[in-house]
Structure formats: structure tokens, C-alpha cells
Amino acid sequence: PQRAELREGLGVTFRKAAAVHCVSEAIQDEATKYGLDLAKSVVIRPAVDPDVFRPAAKRESDGVFRVISTGDVIWRKGYEYALAAVRRLVDEGVPVRYDIIGNGVETQRLLYTIRDLRLENHVCRHGRLAPLDVLDRLQQADAFLLSSLSEGISNAVLEGMACGLPVVTTRVGGMAEAVTDGIEGFLVPARDEIAMAEALSALWHRPQLRERMGVAGRERIVRDFRLSDQADAFVRLFGSVA
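The structure contained in this document is the topic of the report that follows. (Residues numbered from 1 in each chain as written. Predicted model: local features only at pLDDT ≥ 70, side-chain atom pairs only at ≥ 80, totals over all residues. Heavy atoms only, no water.)

Now for unusual backbone geometry. Despite not being glycine, R118 shows a phi value in the positive range, around 55 degrees. Within the secondary structure layout, R118 lies in the loop between α4 (107-116) and β5 (123-127). Assessed through its relative accessible area of 57%, R118 is described here as exposed. (Helix = DSSP H or I, 4+ residues; strand = E, 2+ residues; numbered from the N terminus. Buried < 20%, exposed > 50% of the residue type's maximum accessible area, 1.4 Å probe, protein only.)

Following this line, the structure appears as C-alpha cells:
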């Protein structure tokens, strides 16, 4: 909102566009403040292939609570709040391991924060991994954590849900359109590591809840976020414009 050149440019772009694709209803509502005509907009949410992203055929528990995040290491992902939440779990006595997959301009600060919070034995930063390795890590995890300060709808969260993971995510952007609080996971306020830690702790102490939310998340992906349905929606959009 403070960047006038972008704000004014959006209005021009919206007027010229024959159609405007929005990744979520939240983004669509926000765009109307900058001149978007709802009559020419359509919401097509991100999607994943549930035949690729699926739960592991078999997973043995080793007594460690495995939390995972994937995505670029940039400021808006809010990793410092995720790490602060993990620190609270460690102080609570939870045997947690937090895997972070991804690279970005904030990598150095991330490493310093891990050290400052004395989490070297609990956090593993993997950098960028091959897609099959990411899938393997997701299938071995117990919960997916998204600590973003800003988001549309996170593809990474959808991939985790497709793999049967319960999700703890901040209530930002369109995330409430993908995760129903208490059903597929927990929605927590942004920048609130206490609420984040409490949600993760509930998943650790209640394995049946973890399993139930994971099943619900997988069902939600198959029902509402299939890649084939997204492709069909884009074909219809392009056809209507043509």
C-alpha cells in the first residue's frame, strides 16, 4: 500500500486486462481495493497431483516428532517465529526435529537464529533438494509448519496435506481457504510463536488427532485441490477470453 508506483500500476493493468486470475478469494478481495472489477476476475486456487504427493506406504515411528517446512528462505516466510516455536517445544521436553528445505537470501540469518536459540541438535537445514527427496522428507514427517507473514495459498502446504500431514499455518492470505482450523490442522496468528508451539504440542501429545487431521487434509486435496481440476479451470478461463 505504501508503494504508489505499484498501486497505480495495478489499476492500469486491471483496466487493460480481459480477465484476471486470483489464487484465492482473499487475494481477490484485496485486489478490489486497487481497482479490480470482480466481473472480470476468477479464482483458481493452486493445486497438486495427489497421485505424486501421497502418504508413505509404511512409516515406522522412532519416537521423534518430525516437523517440516519447505520453501524459499525469505523474510515473509517468518522462519524466526517457527524457530522460536521449536525452542518452546524443546523447553517443554518434546523430542522435536525440524527440517527446513529451501534456500534464499535469508539463509545466513536463519543459521544465526538457529545458533542463537541453541537449536543445532533439533533443526536440520537441507537447502534445495531434488523433488523426489522433498517427497521422501514429507512422507517421513509428522506435521507441516508454515510460519509465513504473507501468503496467497501455499503450494508447499498443499503438498504436505496430500502426503497426509496435519498442518500448522499462520492465518494469512488465503490459507484459511485451504486449511480449516481444527479439521485439517490449526490456523494461528502471524508472528505468534506461542500459539504455533501450542498447536504443534497438541499434535505431538495427541497422535490420534495427528492422524485424523492428516486423513482430512488428504481428503481435502483430492476433493478441492487436484491438479487436473486446476488445469481444466485454466482452459475454461482462456477459452472465455478467446
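There is more to say, and it comes next.
Below, the discussion takes up the side chain of H126. Its location among the elements puts H126 in strand β5. At 2.8 Å, the side chain of H126 and the side chain of D99 are in polar contact. Discounting chain neighbours no more than four positions away, the residues touching H126 are R97, D99, I100, I101 and R137. (Polar contact = N/O pair within 3.5 Å; in protein donor to acceptor, adjacent residues only side chain to side chain. Contact = heavy atoms within 4.5 Å.)

With the rule as written, the count across this model stands at two aromatic pairs. Between F65 and W204, the ring centres sit 5.7 Å apart and the planes meet at 45 degrees, which makes this aromatic pair tilted. In this pair, F65 is assigned in strand β3 (residues 65-70) and W204 in helix α7 (residues 193-205), connecting sequence segments 139 residues apart. Here W204 falls in the partly exposed class, since its relative accessible area comes to 23%. (Phe/Tyr/Trp six-rings, centres within 6.5 Å; stacked < 30°, edge-to-face > 60°.)

Because an α-helix packs 3.6 residues into every turn, residues spaced three or four apart end up facing the same way. Taking 1.5 Å per residue as the helical rise, helix α9 (residues 227-241) with its 15 residues ought to reach 21 Å, and the 21 Å between its terminal C-alpha atoms agrees with that figure. Within the sequence span of α9, burial applies to Q230, A233 and L237. The arc that holds every buried residue of α9, seen down its axis, measures 60 degrees, which confines them to one face. α9 presents V235, R236 and F238 as exposed residues on the side facing more than 90 degrees away from its buried surface. (Expected span 1.5 Å × (residues − 1). Arc of directions from axis to C-beta.)

Strands sit in the order β5-β4-β3-β6-β7-β8 across an open sheet of six strands; the sheet is parallel. In this open sheet, the two strands that pair with only one neighbour each are β5 and β8 (185-188). Adjacent strand axes in the sheet meet at a mean angle of 20 degrees when their direction is disregarded. Bridge count for strand β6 (residues 143-146) against strand β7 (residues 167-170) is three bridges, and the pairing is parallel. From the neighbouring strand, L145 faces β7, where its bridge partner is V168. Here helix α6 (residues 155-162) sits on the sheet and contacts β3, β6 and β7; the angle it forms with β6, its principal contact strand, is near 170 degrees. Sitting on the sheet, α7 is in contact with β3, β6, β7 and β8, with an inclination near 170 degrees to β8. (Pairing = 2+ DSSP bridges. Axes fitted to C-alpha atoms, helices over the stretch in contact; angles between N-to-C directions.)

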